[in-house]
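# Architecture at a glance
Chain by chain, the residues run as shown.
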6 protein chains.
Amino acid sequence: MFFGEGMVHVRKDYTDLYEAIVGLNDAAFTGKVLDYRTQKLIALGINAAASDERAMKKQMMSAMKEFDITRDEIVDVLRVVLLTSGMPPFTKAMKVLYELTE
Amino acid sequence: MFFGEGMVHVRKDYTDLYEAIVGLNDAAFTGKVLDYRTQKLIALGINAAASDERAMKKQMMSAMKEFDITRDEIVDVLRVVLLTSGMPPFTKAMKVLYELTE
Amino acid sequence: MFFGEGMVHVRKDYTDLYEAIVGLNDAAFTGKVLDYRTQKLIALGINAAASDERAMKKQMMSAMKEFDITRDEIVDVLRVVLLTSGMPPFTKAMKVLYELTE
Amino acid sequence: MFFGEGMVHVRKDYTDLYEAIVGLNDAAFTGKVLDYRTQKLIALGINAAASDERAMKKQMMSAMKEFDITRDEIVDVLRVVLLTSGMPPFTKAMKVLYELTE
Amino acid sequence: MFFGEGMVHVRKDYTDLYEAIVGLNDAAFTGKVLDYRTQKLIALGINAAASDERAMKKQMMSAMKEFDITRDEIVDVLRVVLLTSGMPPFTKAMKVLYELTE
Amino acid sequence: MFFGEGMVHVRKDYTDLYEAIVGLNDAAFTGKVLDYRTQKLIALGINAAASDERAMKKQMMSAMKEFDITRDEIVDVLRVVLLTSGMPPFTKAMKVLYELTE
């Protein structure tokens with residue numbers, strides 16, 4: 001499943017919200033042209049650019065586990081993060097990435 | 001060229017800075033594994049997620065002109081923007097996209 | 001309708017996405033306890049805090065038209081924006097608010 | 001008191017700044033029309049939307065302690081956060097909320 | 001005066017809020033050690049990093065008019081913006097700067 | 001050295017990227033007019049305004065160690081952060097600052 005611990009509670013206690021999120025998630029990751037893998041890399045880039053450690057860690061783990069996305073591929077995403085968003089999100093993401101892959 | 005009007009001045013008046021930016025840009029878009037086209041889509045997603053109208057417009061124009069990236073592909077990027085960053089950046093990006101493609 | 005011009009195109013060209021957004025919007029604004037009016041004020045505060053001129057303008061117009069939300073009420077929201085997010089989003093929002101109400 | 005540990009030091013070491021903050025806080029939360037409770041919910045929504053774990057946790061604790069704001073009410077705020085700001089701040093806020101209420 | 005058009009209305013219609021803002025502004029720009037000029041450069045850097053065109057333009061104009069801050073000094077601020085916040089805010093700020101100084 | 005742990009890996013595994021970052025860093029902190037110390041204070045302000053705990057902590061430590069920047073000077077930077085970016089980044093930065101200086 002694609003959801004963290006927060007979502008377990010949403011599923012149980014706020015069913016209407018949970019279903020809307022499932023619908024949103026499906027529509028988001030069912031691209032007309034781009035494949036799921038590429039969309040995952042884009043999500044990873046956006047979360048890293050936002051300097052959100054928790055979100056980028058979850059994205060990286062899911063990217064490596066579900067899609068065999070490699071460290072080099074993630075670094076290629078982070079190159080773009082560096083250019084568009086500066087050093088602090090880039091170094092934070094590199095630290096997270098190496099903690100996950102060493 | 002990948003630069004807007006601001007960069008014309010940097011090139012002329014701040015040469016050291018200009019060269020550093022060229023070096024950064026080259027390193028950013030010379031992925032080890034991902035191709036330039038995919039990296040462009042990631043840059044587009046990050047700029048759209050940041051709700052930066054000027055930056056996303058430039059990314060979209062360059063994506064369509066240089067890489068024949070289609071509207072459907074950009075919408076597939078924006079699906080991820082909606083999920084990760086909410087409605088305001090998504091609707092802003094859709095508006096910009098249709099202004100460019102109609 | 002709650003949607004801007006970008007959404008007109010989504011409705012026509014990307015039906016699956018449109019339906020997911022409608023579902024999300026419904027779940028978001030169907031609070032268990034808080035009424036729609038209060039939720040609209042919260043949305044207005046979040047958009048103003050994000051310094052997003054386009055989004056805050058749309059929120060203010062819809063707030064005043066659909067819910068008879070007054071200028072004083074919006075200023076009460078912007079007081080919180082000032083405290084949590086600083087002067088630039090506050091002054092931008094005050095400018096937009098007075099352009100709409102004068 | 002509304003202040004965290006950082007403010008204890010400001011009060012003691014930077015009196016002029018402390019007094020300005022007290023004045024700002026009073027003006028922010030003394031709405032002309034909206035009551036304090038509603039303004040607190042707005043502040044909570046803005047902090048959650050900014051994905052600031054520390055700030056949203058403090059807002060949630062103070063909301064529940066001082067105003068008997070319930071979990072359902074906070075979830076109603078977070079519904080708006082999901083719509084305006086996307087999944088990462090929403091899931092982070094849900095996680096914090098359930099840690100505080102279980 | 002340090003205030004834009006939005007503040008004219010605050011002064012007239014929301015006196016308590018106006019006074020709190022004046023107090024905050026005074027406390028903010030009355031550094032114990034740093035002079036006002038340096039603090040202005042810091043404010044300019046923060047507004048530029050936030051990619052806020054309106055706020056950075058006001059900061060640049062006030063910096064040049066009140067403190068004879070030069071273009072080279074502002075570019076030195078923007079160098080730091082590039083490093084910490086990436087290309088989009090940097091190129092936007094360069095464009096604004098050259099529009100103001102040509 | 002100016003780099004955190006993430007950069008150690010970049011240096012070893014992604015040499016081209018590392019060199020581009022060194023070039024960028026040099027160009028960023030080699031101001032034409034402003035001295036390195038002032039530019040460091042600006043970087044600190046931008047990182048604090050972005051509410052990035054990790055980045056502001058590193059900036060504060062390096063500022064105090066390399067430039068004998070004092071707590072009062074950093075508080076003068078944070079006064080500007082409060083005005084431009086609101087209470088949450090300000091209180092977070094004050095907490096970090098006092099943890100480092102007590």
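Since we're looking at a predicted model, the values are computed, not measured. (Residues numbered from 1 in each chain as written. Chains lettered and ligands numbered in written order. Predicted model: local features only at pLDDT ≥ 70, side-chain atom pairs only at ≥ 80, totals over all residues. Heavy atoms only, no water.)

What follows covers the overall build of chain A. When its secondary structure is counted, chain A shows six helices and zero strands. Listing every helix and strand of chain A by position from the N terminus yields α-α-α-α-α-α. Projected onto the principal axes, the alpha-carbon positions of chain A cover approximately 40 × 30 × 25 Å. Taken over 102 residues, chain A has a buried fraction of 65%. Of all intrachain contacts in chain A linking residues separated by at least 6 positions in sequence, the fraction that spans at least 24 positions is 50%. With an accessible surface of roughly 3,800 Å², chain A has 51% of that area assigned to carbon and sulfur atoms. Seen as two clouds, the 13 positive and the 15 negative side-chain charges of chain A have centres 2 Å apart. (Helix = DSSP H or I, 4+ residues; strand = E, 2+ residues; numbered from the N terminus. Buried < 20%, exposed > 50% of the residue type's maximum accessible area, 1.4 Å probe, protein only. Contact = heavy atoms within 4.5 Å. Areas by Shrake-Rupley, 256 points an atom, 1.4 Å probe, with all protein chains shown as cover. Lys, Arg positive; Asp, Glu negative; His and termini not counted. Charge placed at Lys NZ, Arg CZ, Asp CG, Glu CD.)

Quick look at helix α6 (residues 87-101) of chain B now. All names here are of chain B. With 15 residues, α6 extends 21 Å from end C-alpha to end C-alpha; this agrees with the ideal 21 Å at 1.5 Å per step. Of all the 15 residues making up α6, 12 are buried; the element is thus mostly covered by neighbouring parts of the structure. Within α6, the full set of buried residues consists of M87, P88, P89, F90, T91, K92, A93, M94, K95, V96, L97 and Y98. (Expected span 1.5 Å × (residues − 1).)

Another point: the interface of chain A and chain B. Between chain A and chain B, the contact holds 30 residues from the first and 30 residues from the second. Of the roughly 2,600 Å² buried between chain A and chain B, counting both surfaces, carbon and sulfur atoms make up 75%. Considering only the surface of chain A that becomes buried against chain B, I46(A), R79(A) and L83(A) emerge as the three largest contributors, covering 23% of it. Where chain A meets chain B, there are zero salt bridges. Taken together, the elements giving at least two residues each to the side of chain A that touches chain B come down to α2 (15-29), α3 (36-49) and α5 (71-85) of chain A. Broken down by element, the residue count for the side of chain A that touches chain B peaks at 11 residues, all from α5(A). (Buried area = accessible area lost by both parts, 1.4 Å probe. Salt bridge = Lys/Arg side-chain N within 4 Å of Asp/Glu carboxyl O.)

Tracing the sequence through the fold places L24(F) in helix α2 (residues 15-29). You can call L24(F) buried: its relative accessible area is 2%. Among all residues touching L24(F), those that are not within four sequence positions of it are A20(B), L24(B), L82(E) and L83(E).

Time to look at the interface of chain D and chain B. Reports often express the size of an interface as the amount of accessible area lost when the parts come together. Listed by partner, the interface residues are seven residues for chain D and seven residues for chain B. Surface buried jointly by chain D and chain B totals about 400 Å² across both partners, of which 61% is contributed by carbon and sulfur atoms. Summed over the three residues of chain D that lose the most area to chain B, namely L83(D), T84(D) and M87(D), the buried surface amounts to 63% of that side. Joining chain D to chain B, the criterion identifies zero salt bridges. Taken together, the links from chain D to chain B amount to two residue pairs in polar contact (both at pLDDT 80 or more). Mapped onto the side of chain D that touches chain B, the elements with two or more residues apiece are α5 (71-85) and α6 (87-101) of chain D. Considering each element in turn, the side of chain D that touches chain B owes the most residues, four residues, to α5(D). Its residues assigned to classes, the side of chain D that touches chain B shows four nonpolar, three polar and no charged. (Polar contact = N/O pair within 3.5 Å; in protein donor to acceptor, adjacent residues only side chain to side chain. Nonpolar A, V, L, I, M, F, W, Y, C, P; charged D, E, K, R; others polar.)

Under the fitted operation, chain D is carried onto chain B by 0.0 Å of movement along the axis and a turn of 180°, and the coordinates agree to an RMSD of 0.0 Å. The superposition of one copy onto the other is thereby described by a two-fold rotation axis. Within chain D, G86(D) has its C-alpha nearest the rotation axis, a separation of 2.0 Å. Residue by residue, 100% of the interface of chain D is reproduced at the interface of chain B, so both copies engage with the same surface. (Least-squares fit on C-alpha atoms with pLDDT ≥ 70 in both.)

This part is about helix α4 (residues 53-67) of chain E. Between its terminal C-alpha atoms α4(E) stretches 21 Å, which fits the 21 Å expected from 15 residues at 1.5 Å a residue. Residues R54(E), A55(E), M56(E), Q59(E), M60(E), S62(E), A63(E) and F67(E) constitute the buried set of α4(E). Where α4(E) is buried, its residues meet α6 (87-101) of chain C together with α3 (36-49), α5 (71-85) and α6 (87-101) of chain E. Positive backbone phi, at 50°, marks D68(E), one or two positions downstream of α4(E).

Inspection of the secondary structure puts D76(B) in helix α5 (residues 71-85). A residue is classified by how much of its surface remains accessible, and D76(B), at 0% relative accessible area, is buried. With residues near it in sequence (within four places) discarded, D76(B) still touches G31(A), K32(A), V33(A), L34(A) and Q39(A).

To continue, consider the packing of aromatic side chains. As enumerated under the stated definition, the model contains 12 aromatic pairs over all chains in all. Centroid distance Y36(A) to F67(A): 4.9 Å. Interplanar angle 85°. Geometry classified as edge-to-face. With Y36(A) in helix α3 and F67(A) in helix α4 (residues 53-67), this pair connects stretches of sequence that are 31 residues apart. Using a relative accessible area of 17% as the deciding quantity, one classes F67(A) as buried. An angle of 50° between the planes, with centres 5.2 Å apart, marks the rings of F29(B) and Y36(B) as tilted. With a relative accessible area of 11%, F29(B) lands in the buried category. On the accessibility criterion, Y36(B) (31% relative accessible area) is partly exposed. Members of the aromatic cluster, connected to one another through ring pairs, are F29(A), Y36(A) and F67(A). (Phe/Tyr/Trp six-rings, centres within 6.5 Å; stacked < 30°, edge-to-face > 60°.)

Here we come to the relation of the copies chain A and chain B. Of the transformation placing chain A onto chain B, the axial shift is 0.0 Å and the rotation is 180°, giving an RMSD of 0.0 Å. Mapped onto chain B, 100% of the interface residues of chain A are again interface residues, and the two copies thus contact each other with one and the same surface.

Attention now moves to unusual backbone geometry. Notably, D68(D) is not glycine yet its phi reads approximately 50°, a positive angle. Along the chain, the position of D68(D) falls in the loop between α4 (53-67) and α5.

Our next topic: the confidence of the model for chain A. Residue and element names in this part refer to chain A. Taken over all residues, the pLDDT of chain A has a mean of 93, while the share at 70 or more is 97%. For chain A, helix α1 (residues 5-13) is the element with the lowest average pLDDT, namely 88, and α5 is the one with the highest, namely 98. Per the prediction output, this complex has pTM 0.96; the corresponding ipTM is 0.95. (pLDDT = per-residue confidence, 0-100.)

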